[in-house]
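Structural overview for review
Okay, here's what each chain looks like letter by letter:
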Amino acid sequence: MANKMLSVAQNEFIKHIRKPTFWLAVFGMPLLIAVVGFFSQSNNNNRSGFAVPGLGDPAKINEDILSGELKIGFVDESGVIKGIPSSFDPQTASLYVQYPDVAQGLAAMEKTDIPALYVIPSDYLATGKVQRYSNQVNPFGDSLQSSLVELLLSTSLYPDNGSSYAFLLQQPTTQLKVEGPDGPINKATNEGERMQSAFILGMGLALLLYISIFSSANLLLQSLIEEKENRVIEVMLSSLSPRSLLQGKILGLGLLGLVQVAIWIAMGALITGQGAALGSMMANVEISLGAWLLALMSFVLGYAMYASLMAGIGAVANTMRESSQLTVIVGLPIIIPLMFISVIIEQPNGGLTTGLSLFPLTAPVVLTIRSVLTSVPLWQVGLSVGLMILTVIGLQFVTARMFRASTLLRGSKASFGAMWQALRQPE
Amino acid sequence: MAMLNVVDVKKSFAGTQAVRGVSFNVEPGELFGVLGPNGAGKTTTIRMILDILRPDSGSIEVLGGPMDESKKNRIGYLPEERGLYRNLKVIDCMVYLATLKGIERNEARKRASAYLERVELGHVAQKKVSELSKGMQQKVQFGTTILHEPDIVIIDEPFEALDPVNTRMVKDLLFDIRREGRAVLMCTHQMHLIEEMCDRIVMFNRGEIVLNGTLRDVRRRFAPNAVWVEGNGSFDNLPGIESVQTENGQVQLNLQAGTSPQSVFQALASRGDTSIDRFEVAIPSLDDIFVRVVNGERGQ
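Here is what the cut-offs are and how they apply
- Residues numbered from 1 in each chain as written.
- Chains lettered and ligands numbered in written order.
- Predicted model: local features only at pLDDT ≥ 70, side-chain atom pairs only at ≥ 80, totals over all residues.
- Core = buried A, V, L, I, M, F, W, Y, C linked by C-beta atoms within 7 Å.
- Buried ≥ 20, exposed ≤ 12 C-beta atoms within 10 Å, placed from the backbone.
- Helix = DSSP H or I, 4+ residues; strand = E, 2+ residues; numbered from the N terminus.
- Expected span 1.5 Å × (residues − 1).
- pLDDT = per-residue confidence, 0-100.
- Contact = placed C-beta atoms within 7 Å.
- Nonpolar A, V, L, I, M, F, W, Y, C, P; charged D, E, K, R; others polar.
- Pairing = 2+ DSSP bridges.
- Axes fitted to C-alpha atoms, helices over the stretch in contact; angles between N-to-C directions.
- Parallel < 35°, antiparallel > 145°, perpendicular 65-115°, else oblique.
- Left-handed = near helix turned anticlockwise from the far one by under 90°.
- Arc of directions from axis to C-beta.

Focus: the nonpolar core
Counting residues in hydrophobic clusters, the biggest one holds 133 residues, and the most contacted among them are Ile154(B), Val184(B) and Leu185(B). Counting residues in each nonpolar core, the second largest holds 22 residues, with Tyr99(A), Leu106(A), Val119(A) and Leu148(A) among its members.

Shown next, in the form of structure tokens:
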């Protein structure tokens with residue numbers, strides 16, 4: 001039976017990968033994003049005072065400065081900074097708060113006097129690395145603060161021209177490489193970086209799931225509905241079981257979805273040049289092998305769950321139009337973790353987070369984020385993975401029966417009665 | 001060992017009994033006909049044999065035991081409504097469906113090519129299914145049914161859309177299967193083909209089997225005890241004749257109980273004013289029997 005399932009998978013994969021529409025989608029989507037991005041960038045470049053990388057929008061900086069929200073705490077162990085440079089205007093100079101040692105800096109951070117502490121270590125000139133501590137989560141980075149630290153360092157190192165935009169354009173961030181400390185100093189170690197990575201990993205997984213599922217789901221639905229319409233399904237079911245048929249389709253189209261996503265990621269990294277940056281950022285945070293494996297397992301199980309649900313829709317729907325509404329409803333649970341992302345990140349062992357990581361339809365994303373952020377109790381990992389596996393089995397059990405019942409219905413909707421009757425019959 | 005043994009099988013859909021206690025068997029080397037009006041339960045029964053549907057009660061034995069996944073490889077199925085991938089090349093479609101019957105891909109390709117040559121479709125192997133005529137698609141579909149050399153071939157309206165030449169071609173293939181000791185279960189509304197090809201038949205009506213047996217037996221049961229005569233002269237006032245009916249130049253002499261066709265023939269032959277061009281014991285066509293059964297007759 002495995003051979004037949006693989007035959008179905010192979011056929012689905014080859015059939016769709018040969019279609020021009022598949023390649024149109026594969027290359028069309030990034031192209032569209034690139035075009036939109038290009039015009040957006042052109043628009044931004046036309047705005048005055050917005051051209052310096054790493055410094056962000058001066059207007060925004062001013063807003064933050066005026067509101068008093070921006071404070072840069074730092075400890076200089078290298079001796080590079082000899083006070084706030086005189087070239088800084090008083091308003092800018094007032095942003096910097098220097099602490100004599102890390103302990104006092106961290107204490108200030110704990111009291112929320114400063115949002116983050118930058119430590120310029122004694123070997124800074126040799127390594128170019130600065131350590132950053134923060135309790136706050138800013139998933140989109142702290143480039144503004146880091147840029148201001150860079151400005152301070154650059155001006156201190158090159159007092160003649162370090163603060164000019166032209167100089168920063170030539171040597172933008174090469175002297176500053178923010179990283180978390182090598183070992184934990186206290187509770188406020190590299191939590192911020194970990195949270196950032198968890199967020200990105202979770203978002204990435206959710207998006208990967210979403211794209212894989214919805215690009216594959218459409219193909220799966222098309223395939224099932226086409227086979228129902230042209231009656232191939234009857235020939236198929238005389239050759240293999242509904243379960244093998246579904247598993248083959250899910251496998252084949254899932255691989256197709258992964259190919260599509262892989263191409264998109266590669267193209268995205270290539271076009272934007274962000275691949276190295278992303279890799280570097282992720283490398284800054286130590287994510288255990290176990291967490292990576294759990295993420296991979298969560299992805300596979302998540303895909304299997306949602307693909308089975310989509311196949312179920314394919315079983316009961318007769319047309320793509322009928323299926324589209326159901327598809328949106330079924331896809332909703334993937335969004336739930338994103339709605340609660342701040343709670344999940346701030347309280348990775350909280351009740352809501354634990355619950356979401358145990359609920360099979362949200363578990364793939366939430367469990368992955370938790371495993372990066374915290375040490376998830378083993379029993380919870382086991383229970384979550386177990387529930388996901390059971391859900392996959394259960395969904396395939398139900399879907400295969402629904403499929404058998406609805407296969408022979410043509411042009412009419414599968415009634416609840418017929419579905420119930422099908423569920424009660426042996427496979 | 002029967003190739004197929006269906007015993008008291010029942011199936012309902014939403015409270016409607018589609019199949020009501022159906023029993024029959026198909027033997028090796030047999031061409032078995034299944035007749036019945038639309039909605040009589042034939043296709044539902046076939047789907048239960050194929051394990052596409054599950055019976056509510058009763059049993060179905062295939063090749064000596066219950067149906068399982070491995071036995072699906074030993075059955076070929078041609079559904080009434082054709083099922084081919086319209087956007088695939090003919091050869092690819094055939095190969096794929098053969099792999100689902102357990103045939104290795106290269107072997108399937110060889111067999112598919114050989115089959116297409118035999119049915120004079122070698123030139124369309126690389127064309128898409130959708131580019132073929134209905135008759136060609138039908139021959140391709142038939143090929144997918146027999147490519148894996150099944151022990152049991154179940155075919156529903158196999159001659160649909162085929163011209164006489166192609167009908168002959170497919171008939172020859174079916175006769176080959178029978179000759180090889182395999183079994184064919186054929187559903188069709190083309191009664192003349194059932195008469196010409198089948199060894200035994202069952203007839204469904206309203207979910208039940210209302211006729212079951214050899215063609216000869218079935219016809220005898222519905223024979224009207226009459227003779228058909230064509231010729232010149234008078235056919236009236238013959239001894240042992242109950243009534244005389246004339247239609248399209250053919251005269252049907254309905255015999256009284258106890259009168260033999262032979263005695264009627266002798267009586268006619270002895271008449272000097274009557275010449276006989278044709279004399280035949282009246283045996284109803286399957287078509288007639290079908291209509292009569294559907295109208296409620298059960299035969300004698």
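Right, picking up where we left off after that structure.
Some words on helix 13 (residues 289–316) of chain A
Taking 1.5 Å per residue, 28 residues should reach 40 Å; helix 13 of chain A reaches 41 Å between its end C-alpha atoms and fits that length. In terms of residue burial, helix 13 of chain A counts as a mostly covered element, since 20 of its 28 residues are buried.

Here's the deal with the confidence of the model for chain B
Residue and element names in this part refer to chain B. Mean pLDDT for chain B: 89, with 99% of residues reaching 70 or above. Averaged pLDDT values over the elements of chain B bottom out at 83 in helix 9 (residues 286–294) and peak at 95 in helix 3 (residues 105–118). Among the prediction metrics, the complex's ipTM stands at 0.81, with pTM recorded as 0.70.

Things to note about the environment of Ser263(B)
All names here are of chain B. The residue Ser263 is located in helix 8 (residues 261–269) in this model. The class of Ser263 is partly exposed, set by 14 C-beta atoms lying within 10 Å. For the pair formed by Ser263 and Pro239, sequence separation is 24 residues and the distance between their alpha carbons is 8.7 Å.

Here we look at the interface of chain B and chain A
Between chain B and chain A, the residue contacts involve 21 residues of the former and 21 residues of the latter. At the level of elements, strand 6 (75–78) and helix 2 (90–99) of chain B are the ones that each hand at least two residues to the side of chain B that touches chain A. Here the residues of the side of chain B that touches chain A are counted per class, giving 11 nonpolar, 2 polar and 8 charged.

Thoughts on the pairing of strand 13 (residues 250–255) of chain B
Residue and element names in this part refer to chain B. Taken together, the 4 bridges between strand 11 (residues 226–232) and strand 13 define a ladder with antiparallel strand orientation. Looking across to strand 13, one finds that Ala226 is bridged to Asn254. Taken together, the 6 bridges between strand 12 (residues 241–247) and strand 13 define a ladder with antiparallel strand orientation. If you follow Val244 over to strand 13, its bridge partner there is Leu253. The turn joining strand 12 and strand 13, which pair antiparallel and follow one another in sequence, is formed by 2 residues; a positive phi near 50° is taken by Asn248.

Comments concerning the packing of helix 16 (residues 351–358) of chain A against helix 17 (residues 363–373) of chain A
Residues and elements named next belong to chain A. Taken N-terminus to C-terminus, the directions of helix 16 and helix 17 make an angle of 130°; their axes are 7 Å apart at the nearest point. In terms of orientation, helix 16 lies oblique with respect to helix 17. Between helix 16 and helix 17 the crossing geometry is left-handed. Residues Thr353, Leu356, Ser357 and Leu358 of helix 16 pack against Ala363, Val366, Leu367 and Arg370 of helix 17. In terms of residue class, the contact of helix 16 with helix 17 is built from 5 nonpolar, 2 polar and 1 charged.

Some remarks on the sheet that holds strand 1 (residues 4–13) of chain B
Residue and element names in this part refer to chain B. One open sheet holds the 4 strands; their spatial order is 2-1-4-5, and the pairing between them is antiparallel. Pairing within the sheet leaves two strands with one partner each, and these edge strands are strand 2 (16–26) and strand 5 (65–66). Here helix 1 (residues 42–49) sits on the sheet and contacts strand 1, strand 2 and strand 4 (57–62); the angle it forms with strand 1, its principal contact strand, is near 115°.

Remarks on the pairing of strand 4 of chain B
All names here are of chain B. In terms of strand pairing, strand 1 meets strand 4 through 5 bridges, oriented antiparallel. Paired with Lys10 across the two strands is Ser57, which belongs to strand 4. Bridge count for strand 4 against strand 5 is 2 bridges, and the pairing is antiparallel. Residue pairing across strands places Glu61 opposite Pro66, the latter belonging to strand 5. Counted between consecutive antiparallel strands, the loop separating strand 4 from strand 5 contains 2 residues, among which Leu63 sits at a positive phi close to 50°.

Digging into the packing of helix 4 (residues 134–146) of chain B against helix 5 (residues 164–179) of chain B
Residues and elements named next belong to chain B. Interhelical geometry of helix 4 versus helix 5 gives an angle of 10° and a closest axis separation of 11 Å. With respect to each other, helix 4 and helix 5 are oriented roughly parallel. On the side of helix 4, the interface is formed by Gly135, Lys139, Phe142 and Ile146, while helix 5 contributes Asn166, Val170, Leu173 and Ile177.

Let's talk about the sheet that holds strand 11 of chain B
Residues and elements named next belong to chain B. Read across the open sheet, the 4 strands follow the order 12-13-11-14; overall the sheet is antiparallel. Taken across any chain shown, the strands that pair with only one partner, and hence form the sheet edges, are strand 12 and strand 14 (275–281). Across the sheet, the mean angle separating the axes of adjacent strands is 25° when strand polarity is ignored. Across the sheet, helix 8 is in contact with strand 11, strand 12, strand 13 and strand 14; its angle to strand 14 comes to roughly 175°.

Regarding helix 5 of chain B
Residue pairs three or four apart in sequence face the same way in an α-helix, which turns once every 3.6 residues. All names here are of chain B. Its 16 residues give helix 5 an end-to-end C-alpha distance of 22 Å, which sits within 8% of 22 Å, the value for a rise of 1.5 Å per residue. Turning to helix 5, its buried residues are Val170, Leu173, Leu174 and Ile177. End-on, the buried residues of helix 5 take up no more than an arc of 95°, which puts them together on one face. What points out from helix 5, more than 90 degrees from its buried face, is the exposed set Pro164, Val165, Arg168, Asp172, Asp176 and Arg179. Next to the buried residues of helix 5 lie strand 3 (31–35), helix 4, strand 7 (152–156), strand 8 (183–187) and helix 6 (191–197).

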